[in-house]
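Residue-level structure breakdown
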Protein chains: 4
Amino acid sequence: MTYGSPDLRRAVLLANQMIPAAGLAQLTWGNVSGIDRQGGYYLIKPSGVAYSDLTEDDMVPVDLETGKVIEGDLRPSVDSESHRAFYLAWPSIGGVTHTHSTNAVAFAQADRDIPVLGTTHADTFDGPVPVTRGLTADECATDYELNTGRVVVERIGDDTAAAGMPAALVANHGPFTWGATPKKSVEHGIILEAVAEMAIKTLALNPAASTPPHLQERHFERKHGPGAYYGNPRP
Amino acid sequence: MTYGSPDLRRAVLLANQMIPAAGLAQLTWGNVSGIDRQGGYYLIKPSGVAYSDLTEDDMVPVDLETGKVIEGDLRPSVDSESHRAFYLAWPSIGGVTHTHSTNAVAFAQADRDIPVLGTTHADTFDGPVPVTRGLTADECATDYELNTGRVVVERIGDDTAAAGMPAALVANHGPFTWGATPKKSVEHGIILEAVAEMAIKTLALNPAASTPPHLQERHFERKHGPGAYYGNPRP
Amino acid sequence: MTYGSPDLRRAVLLANQMIPAAGLAQLTWGNVSGIDRQGGYYLIKPSGVAYSDLTEDDMVPVDLETGKVIEGDLRPSVDSESHRAFYLAWPSIGGVTHTHSTNAVAFAQADRDIPVLGTTHADTFDGPVPVTRGLTADECATDYELNTGRVVVERIGDDTAAAGMPAALVANHGPFTWGATPKKSVEHGIILEAVAEMAIKTLALNPAASTPPHLQERHFERKHGPGAYYGNPRP
Amino acid sequence: MTYGSPDLRRAVLLANQMIPAAGLAQLTWGNVSGIDRQGGYYLIKPSGVAYSDLTEDDMVPVDLETGKVIEGDLRPSVDSESHRAFYLAWPSIGGVTHTHSTNAVAFAQADRDIPVLGTTHADTFDGPVPVTRGLTADECATDYELNTGRVVVERIGDDTAAAGMPAALVANHGPFTWGATPKKSVEHGIILEAVAEMAIKTLALNPAASTPPHLQERHFERKHGPGAYYGNPRP
């Protein structure tokens, strides 16, 4: 028997399997978690296990308050404490994804925000996707993964800000994305990688490229504003 | 029972499924439509539905004159009004495709026409693939998608011009392509993306690259001129 | 009943199918031929037919002396006359491949030879892969495809030279490759594309990159020289 | 009957099959070996055989002291002597991989070390991945492959150094990687290629990119230091 919601286990497993399917990570890099707010715990990929070997039972339950594993002998992803920092800061999010996807990592390593260069970006991200400040030597030495989450929260802001900007790049590391569900958090990771690749190629063609604000607003609003008209209820 | 021609439903579904197969879009980005000129309607992908979930019955019938959905409870692609602008302007076209393919988007975001750098381009596009002007704040505020179609028509010209240049890049947005059939419009999207990728790499190797006009003409004419000799009747 | 050798038909079909499998072409771009020297004819892909629809019977037999189709109602690839120019110039070759592979096209469009930057290149190509001169307006106007083959032969030289340099880039067009068999000619196309991609990335990192001649010679000789010791007889 | 350990045969075959699966090589490029230290021999891919044709029985047993084939009529990879140089120099390694993966080759051809630009790199490589010096004309003329291995050993150092830096780029050639097992050596090849691709894109965005030493140390130590806490015992 395993701890917690079977539905959440399944959702977190499926979301983790989206990472290799979308080409967002090599080997065992990358991890997704999903939270049960009522239960006060989240489920996360175990550390270093191949995606093809993962089962629902492998998802590791972690206590939201203490960060400790609730049940089982598998260690959670080393990035578990970063996920926890997000869940504690932002009550509205339901899932978190971390990958080392190539183009997003390139911006993180270059210490450059991803600028808003078009509607593909504006459809999802309400402004440039920011790079965090680098962690200090002290922040690296103690509680490194928790501090990684903290610099993201410091850069993004409160729960409302996190809804409008569901992604950040940790300097010299890589992307974290979040969303209402585990699946949504991976989708934001997929979009972020596509937007980053487009941006690298755009900047190669025109280093001064930019987008007018009224186009940005229109696109973000038609998907996320009060009068949003994108999509269909069915799927 | 569903509205309109079963053959057109099937053709529009198959053309939409070519988008993920050809790697032209992530998630639910991208859409294809096809028109029944006699019937005065076109069929288009529903908004935000995953390609793998699409069925023939999901294709949304839209009235060519009014832009209103004729039957069913699915909303059409948010880009439906852009497609309608093309069908109204160009009587000869039978299908329209919109994607966010990476390399074509890069040119759209960089606000650069794709120059004619070789025969791969000249085989299909009779000159540089143009970027539209940006939409004004007013054009973004009201009838945004229809105005998106209108700036493309403004840039391309009449029906004859649209036959020689079956593609345009909307500034800071991405590519639209069209053709005699839904399938042809997607094929033009595939070619556009290939040509854009070649152009980015060519310009990296030689920023001053160009093609002599007599080579351009020869290639366009051998496929599309009065004495065209490319292809076979059978397939 | 179909004209010529069933074995050659099969070899030419399989070689053509390697093109999409190796990602060397979109849609129906690209073609392979193979020659029967005794019979005085070559078999080549029909023009504009999808790779997935090709059968052995579709391979079009063309007379080596006249360039005319010997049998059947399918038109040969529009590039048939270019292939014929190579077979006439170089008695040792048995197959020819033409593609529009992205990175090789980039060099052709940039009007730059692919320099020898390492052993991957030197293993197959005994020097820089050359770009031809552009065709004149007259050469484009009459016998365009035959003239395309002729400028390649003009640039490469005689049969011995063609054995040491089984590839060329037609300016503003793309790559042609050849070899002892149809399969070998496609393999040279695969290698050329890989080498071109490596070269673009190498030049981005170091515009002055080069390789010492003694390393080039060693690699070419260990595969192709009198004391070659690469490979095994079995496969 | 075949020489040596069936388990090692299987491990070396599977590791070789990882090369095309991970997209690290075209055609028959690339090879993996694994060593039986007690038996004093290693098994290596035969030269020029297609990955899809390989069987366990094809793995060629080579004597560690003499470099001679112990059994069978298949020739070993031409790079066998390079592998042997590594096994002789570094008693702790159990497998060696050589590929011509595109991005790693680009750094080798550009004669540039891969700098430490982020945690993806630091997780596996304890510093910049070095390029060797070029081989002299004499080193190319005699015992070329053995000398290739020797310049790598010269650049990397002793067994301890090889554990912290399980990869090197041979100038104007390409990557060699090694590890405790054949599989580990291929995984290092996969990571190296991913890190090289990220680095090329990072340097395009910011030619002066770098990583603070305390972040590098933290990441290398959490996976490889005395208090390492990455991974799970099970897989």
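For the structure itself, consult the block above.
Predicted model, so just to flag it, every value in this text is computed and none were measured.

**Re the environment of Ala 163 of chain A**
Along the chain, Ala 163 of chain A falls in helix H7 (residues 159-164). Residues Ala 163 of chain A and Ala 22 of chain A, 141 residues apart in the sequence, show an inter-C-alpha distance of 23 Å.

**Quick look at the sheet that holds strand E3 (residues 60-63) of chain C**
All names here are of chain C. Overall, antiparallel pairing links the 6 strands, which are arranged E3-E2-E1-E4-E6-E5 in an open sheet. Looking at which strands have only one partner, the edges of the open sheet turn out to be E3 and strand E5 (167-170). Strand-to-strand twist in this sheet, taken as the mean axis angle between neighbours without regard to direction, amounts to 20°. Its contacts with the sheet place helix H6 (residues 144-156) against E5 and strand E6 (174-179), and it is angled at close to 125° to E5.

**Digging into the interface of chain D and chain C**
As a measure of interface size, the accessible area lost when the parts come together is often cited. Opposite the 36 residues of chain D that make contact, chain C presents 33 residues. Interface area, chain D with chain C, both sides summed: about 3000 Å², of which 55% is carbon and sulfur. For the interface between chain D and chain C, the tally reads 2 salt bridges. A salt bridge links Arg 222 of chain C to Asp 79 of chain D; its shortest N-O distance comes to 3.7 Å. Where chain D meets chain C, there are 21 residue pairs in polar contact (both at pLDDT 80 or more). Among the elements of the structure, helix H3 (102-110), helix H5 (137-141), helix H6 (144-156) and helix H8 (182-205) of chain D are those that each provide at least two residues to the side of chain D that touches chain C. Ranked by residue count, the leading element in the side of chain D that touches chain C is H3 of chain D, at 7 residues.

**Quick look at the interface of chain C and chain B**
The interface is formed by 36 residues belonging to chain C together with 33 residues belonging to chain B. Of the roughly 3000 Å² buried at the junction of chain C and chain B (both faces included), carbon and sulfur atoms supply 55%. Looking at the side of chain C facing chain B, the largest losses of area belong to Trp 29, Gln 109 and Asn 172 of chain C, adding up to 20% of the total buried there. On inspection of chain C and its partner chain B, the count reaches 2 salt bridges. The salt bridge partner of Glu 145 of chain C is Arg 222 of chain B, with a shortest N-O separation of 2.6 Å. Summed over the shared surface of chain C and chain B, the result is 21 residue pairs in polar contact (both at pLDDT 80 or more). At the level of elements, helix H3 (102-110), helix H5 (137-141), H6 and helix H8 (182-205) of chain C are the ones that each hand at least two residues to the side of chain C that touches chain B. Broken down by element, the residue count for the side of chain C that touches chain B peaks at 7 residues, all from H3 of chain C. Considering only residue class, the side of chain C that touches chain B consists of 18 nonpolar, 12 polar and 6 charged.

**What to know about the relation of the copies chain C and chain B**
Note on the copies: chain C fits chain B at an RMSD of 0.0 Å, the axial shift is 0.0 Å, and the rotation between them is 90°. Interpreted geometrically, this transformation is the action of a four-fold axis. Looking at the rotation axis and the C-alpha trace of chain C, the residue lying nearest is Ala 204 of chain C, at 5.8 Å.

**Remarks on unusual backbone geometry**
All names here are of chain C. In the Ramachandran plot, Leu 27 falls in the positive-phi region, its phi being about 50° despite a non-glycine side chain. Structurally, Leu 27 is set in the loop between helix H1 (6-21) and strand E1 (31-36). Residue classification places Leu 27 among the partly exposed positions, given a relative accessible area of 31%.

Calculation notes
Residues numbered from 1 in each chain as written. Chains lettered and ligands numbered in written order. Predicted model: local features only at pLDDT ≥ 70, side-chain atom pairs only at ≥ 80, totals over all residues. Heavy atoms only, no water. Helix = DSSP H or I, 4+ residues; strand = E, 2+ residues; numbered from the N terminus. Pairing = 2+ DSSP bridges. Axes fitted to C-alpha atoms, helices over the stretch in contact; angles between N-to-C directions. Contact = heavy atoms within 4.5 Å. Buried area = accessible area lost by both parts, 1.4 Å probe. Salt bridge = Lys/Arg side-chain N within 4 Å of Asp/Glu carboxyl O. Polar contact = N/O pair within 3.5 Å; in protein donor to acceptor, adjacent residues only side chain to side chain. Nonpolar A, V, L, I, M, F, W, Y, C, P; charged D, E, K, R; others polar. Least-squares fit on C-alpha atoms with pLDDT ≥ 70 in both. Buried < 20%, exposed > 50% of the residue type's maximum accessible area, 1.4 Å probe, protein only.

Interpretation note: all reported values are geometric properties and have no functional meaning in isolation.
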